[in-house]
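Coordinate analysis (summary)
Listed here are the chains, written in short residue letters.
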Amino acid sequence: EPLYREALDGTRETLGDRHMYTLGSIGNYADLLCRRDPVHPNRARTAMGDAPEVAREVLGADHPVSLLIEAQAARIGIALGVAGRTVLRQVVARMEAVLGPEHPQTRKYKLVCESAAGRFGGLLRM
């Protein structure tokens, strides 16, 4: 976790909060927090902040980084109980269209979606 935080701080300082790499670092850090402690995902939600909205605004809704951040945010939402699998299914459908059904991230989040029936299923930690 400290290395992710250090990487995020470095990209923010060097590139700014709205750069693609910074947004990716925000999503990765928040996702790490959610996977490490899926029972208490509030830190992950706080870390994610408005990164999905900023990514859609800056990069476009179908940019691979935007899609990944949205999938990470959806996983956090599932852990919080505020977003259902429907949200993640929608993101996965867009990932399939943009990245392809065999892309590693598409496959990963499809599995996360399928495992979300048990709210804190093992794949939420993937």
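Just so you know, these numbers come straight off a predicted model, no measurement behind them.

A separate point is the state of the cysteines. In protein chemistry, a disulfide is the covalent bond that joins the sulfur atoms of two cysteines. What the rule picks out here adds up to zero disulfides. Not part of a disulfide, Cys34 finds its nearest cysteine sulfur in Cys113, a span of 14 Å. According to the relative accessible area criterion, Cys34 is buried, its value standing at 1%.

Before going further, it helps to examine the side chain of Asp31. With respect to the element layout, Asp31 can be found in helix 2 (residues 20–36). Residues within four places of Asp31 in sequence aside, it is in contact with Gln72, Arg75, Lys108 and Tyr109.

What follows is about the confidence of the model for the protein. Confidence in the prediction of the protein, expressed as mean pLDDT, is 89, and 92% of residues score 70 or more. This stretch, residues 120–126, has a pLDDT under 50; its non-local contacts, to residues over four places away or in other chains, come to 22 contacts.

The next thing to look at is the nonpolar core. Membership of the largest hydrophobic core comes to 17 residues, with the highest contact counts inside it found for Leu23, Met48, Ala51, Ile69 and Ile76. The residues contacting Met48, other than those within four sequence positions of it, are Ile26, Gly27, Ala30, Ile69, Gln72, Ala73 and Ile76. Membership of the second largest hydrophobic core comes to 13 residues, among which are Leu67, Leu68, Ile78 and Val91.

About the criteria used
Residues numbered from 1 in each chain as written. Predicted model: local features only at pLDDT ≥ 70, side-chain atom pairs only at ≥ 80, totals over all residues. Heavy atoms only, no water. Disulfide = S-S within 2.5 Å. Buried < 20%, exposed > 50% of the residue type's maximum accessible area, 1.4 Å probe, protein only. Helix = DSSP H or I, 4+ residues; strand = E, 2+ residues; numbered from the N terminus. Contact = heavy atoms within 4.5 Å. pLDDT = per-residue confidence, 0-100. Core = buried A, V, L, I, M, F, W, Y, C linked by side-chain atoms within 4.5 Å.

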